[in-house]
Amino acid sequence: MSILVNGSPTKEFIVERGLRQGDPISPFLFVIVAEGLRALVGKAVENGDFVGFNVNGRCGIDILQFADDTLLLGDGSWNHLWALKAVLRGFEMMSGLRINYHKSNGFSTSFWHARWLKEGILKDLFPDLYSISLLKEASIGAMGGGKMHAANVGAAAVSPSFNTDAAVAASEENRGVQLSNSGWSMGHFHSRQADLRETLCSAVVLHADRHDTATWTLEENGIFTVSSCCNFLKNRRSPLGPANRFDSVFKDIWKAEVPIKVKAFGWRSFLNKIPTKDSLLKRGIIISSNANCVLCEETSETLTHSFLRCRYVDIVWKKMAEWIGMTYSCIGDLKENFFFWSDFCRSKKVKKGKEGTIWLAILWSIWLRRNDIVFNNSSWNSRDVVWSCKALIWRWSYIGKITRANCNFYEFSNSPLFYLS
């Protein structure tokens, strides 16, 4: 890579140290780079080469970015497609990232088959009208003249899109007679048309004397706030009922004075997001009949088994509990186990921020040794893992505020709780 100095690139050099996948700051680096794509799309819209999705007379959306997924919205035409291809190619040359066109796809929102109204899918709401529709695969834009507005769609989705040829021969006096080819009556047909139009037009509240605006219903003034959104999500996640006493572990894990990647690992373990064999198998990442534990090979490698239930891992937990003078028994899941260890450390006056250090060191050491066995064909040795745990705790004891004088590893291993208190 090279660096721009006063707008001119320097001589290229090889990157030897820096951000890697898994580094906590790497997602932010990706966001910074992806901001260039948004700027390129905005320039294309400004030049008139690309037209985004028009929400109302004043607001248009052309690009939405969610982590590593990007949605480009606009009118479906070949000119816009070639403009997007040019923008993506320019982004490739600028950033060094490559666009995988085989994984990219474009689509229009189906009028009948997509759920674009809160009431449901129109095909299911109006199966009788759908059965005689001439435009079963049409998009919303095609049904609404390209204006993408509920009122326009409601006006367009009537007689021009239905097969009423059989009704042309019907005279005024026999409008109520059943149509031979569809089992419909004209009176029923016009009634259902009116129902469809009403459903489409009631999707939004129309006011002729004002512009369309977005309103945040969680605030009385209609303005979005992060706090109201956060409270709404919390209430959805934790509905009615008493709070679980283990819910506090999610806060405690981030207060632990350990490296940030270890905190993130502990947090992911509480959410069952660690890539064990069982998890990878469910997600379709690995296809293997052997999903047993890497260590004991006796049962499926689930999260709880890998870190708590395996007989090899259980030895490590018992040795570490004996080291700090705790009576240990494997109970519950990881959250309950963390709460149990942290509660014991608090009872021994361990300094705030250090209560979860021992537990996280054990979890991290087990995972590192497990991966070493998988990728480097090494072997399991409980004694080595225990010593690795102790060494990590000693190193991490210097993270944050230190209340005791510096000590060597031998002194620390003889009285760990004294130096953590």
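None of the values given here were measured: they were computed from a predicted structure. Positions within a chain are numbered from 1, following the residues in the order the chain's sequence is written. Selection of residues for local features in this predicted model requires a pLDDT of at least 70, selection of side-chain atom pairs for listing and counting requires 80 or more, and totals for whole chains, interfaces and linings are taken over all residues. Computation of side-chain values: all heavy atoms of the structure, hydrogens and water removed.

Visitor: Summarise the overall build of the protein chain; cite the residues concerned and give the values.
Guide: A run of H or I in DSSP becomes a helix once it reaches four residues, and a run of E becomes a strand once it reaches two; helices and strands are each numbered from the N terminus. A tally of regular secondary structure across the protein chain gives 19 helices and six strands. For every residue, the accessible area obtained with a 1.4 Å probe (protein chains only) is divided by the maximum for its type, and the residue is called buried under 20%, exposed over 50%, and partly exposed between those limits. A total of 421 residues make up the protein chain; the buried ones form 34% of that total.

Visitor: Please provide a residue-by-residue account of the nonpolar core, values included.
Guide: Residues Phe 307, Trp 317, Met 320, Trp 341, Ile 358, Trp 359 and Ile 362 are the most contacted members of the largest nonpolar core, which totals 53 residues. Contributions of two or more residues to this core are made by α10 (249–255), α11 (260–270), α13 (303–309), α14 (311–323), α15 (334–347), α16 (357–376), α17 (382–396) and α19 (416–420). No other element matches α16, which puts ten residues into this core. Note on contacts: a residue pair qualifies if any of its non-hydrogen atoms lie within 4.5 Å across the two residues. Not counting the four nearest positions on each side in its chain, Trp 359 is found in contact with Ile 253, Ser 269, Phe 270, Trp 317, Leu 334, Asn 337, Phe 338 and Trp 341. Here, nonpolar core means buried Ala, Val, Leu, Ile, Met, Phe, Trp, Tyr and Cys residues that are tied together by side-chain atoms lying within 4.5 Å of each other. The next biggest cluster of nonpolar side chains, apart from the first, holds nine residues, and it includes Val 41, Ala 44, Leu 84 and Leu 88.

Visitor: So what's going on with empty space enclosed by the protein? Which residues, and what values?
Guide: Using only the protein atoms, space was sampled on a 1 Å grid; points where a 1.4 Å probe fits but cannot get out form cavities, open sets with protein on both sides within 12 Å along at least five of seven lines form pockets, and lining residues are those with an atom within 4 Å of a point. Grid points are joined across faces, edges and corners, and a volume is the space filled by probe spheres set on the points. A complete count under the given rule lists two cavities of 30 Å³ or more for this structure. In this structure, the second largest cavity encloses a volume near 50 Å³. Along its surface, the second largest cavity is lined by Leu 295, Glu 301, Ser 306, Phe 307, Ile 366, Trp 367 and Arg 370. Among the elements of the structure, α13 and α16 are those that each provide at least two residues to the lining of the second largest cavity. In terms of residues, the lining of the second largest cavity owes the most to one element, α16, which gives three residues.

Visitor: An account of the side chain of His 305 is requested, with residue identities and associated values reported.
Guide: As for its position among the elements, His 305 is in helix α13. In this structure His 305 comes out as buried when scored by relative accessible area, which is 10%. Those residues in contact with His 305 that sit more than four places away from it in its chain are Cys 293, Cys 296, Thr 299, Ser 300 and Cys 310.

Visitor: Describe a positive patch on the surface, listing the residues and the values that go with them.
Guide: Patch membership is restricted to residues that have no salt bridge and whose relative accessible area is over 30%. Joining uses 9 Å for like charges and 5 Å for the nonpolar side chains Val, Leu, Ile, Met, Phe, Trp and Tyr. In short, Shrake-Rupley with a 1.4 Å probe defines the accessible areas, and a residue's cover is counted only from the protein chains shown. Salt bridges are counted wherever a side-chain nitrogen of Lys or Arg sits within 4 Å of a carboxyl oxygen of Asp or Glu. Positive charges are assigned to Lys and Arg, negative charges to Asp and Glu, while His and the chain termini are left out of the count. Where a charge lies is defined by one atom per residue type: Lys uses NZ, Arg uses CZ, Asp uses CG and Glu uses CD. A grouping of Lys 234, Lys 251, Lys 255 and Lys 352 is seen on the molecular surface, where their side chains present a positively charged patch. Note on placement: Lys 255 falls in helix α10.

Visitor: Give a detailed account of the packing of α11 against α16, specifying residues and quantitative values.
Guide: For any two helices packed against each other, one specifies the inter-axial angle together with the distance between the axes. Axis definition: a line fit to C-alpha positions, over the contact stretch in the case of helices; interaxial angles, taken between N-to-C directions, run 0 to 180 degrees. It is at 10 Å that the axes of α11 and α16 come closest, and there the two elements cross at 85°. Here α11 is positioned roughly perpendicular relative to α16, judged by the angle of their axes. Across the interface between the two elements, Lys 261, Val 262, Phe 265, Gly 266, Ser 269 and Phe 270 from α11 touch Trp 359, Leu 360, Leu 363, Trp 364 and Trp 367 from α16. Split into classes, the residues belonging to the contact of α11 with α16 amount to eight nonpolar, two polar and one charged. In these notes the angle categories are as follows: under 35 degrees is roughly parallel, over 145 is roughly antiparallel, 65 to 115 is roughly perpendicular, and the rest is oblique. Under the scheme applied, nonpolar residues are Ala, Val, Leu, Ile, Met, Phe, Trp, Tyr, Cys and Pro; charged residues are Asp, Glu, Lys and Arg; polar residues are all the others, including Gly.

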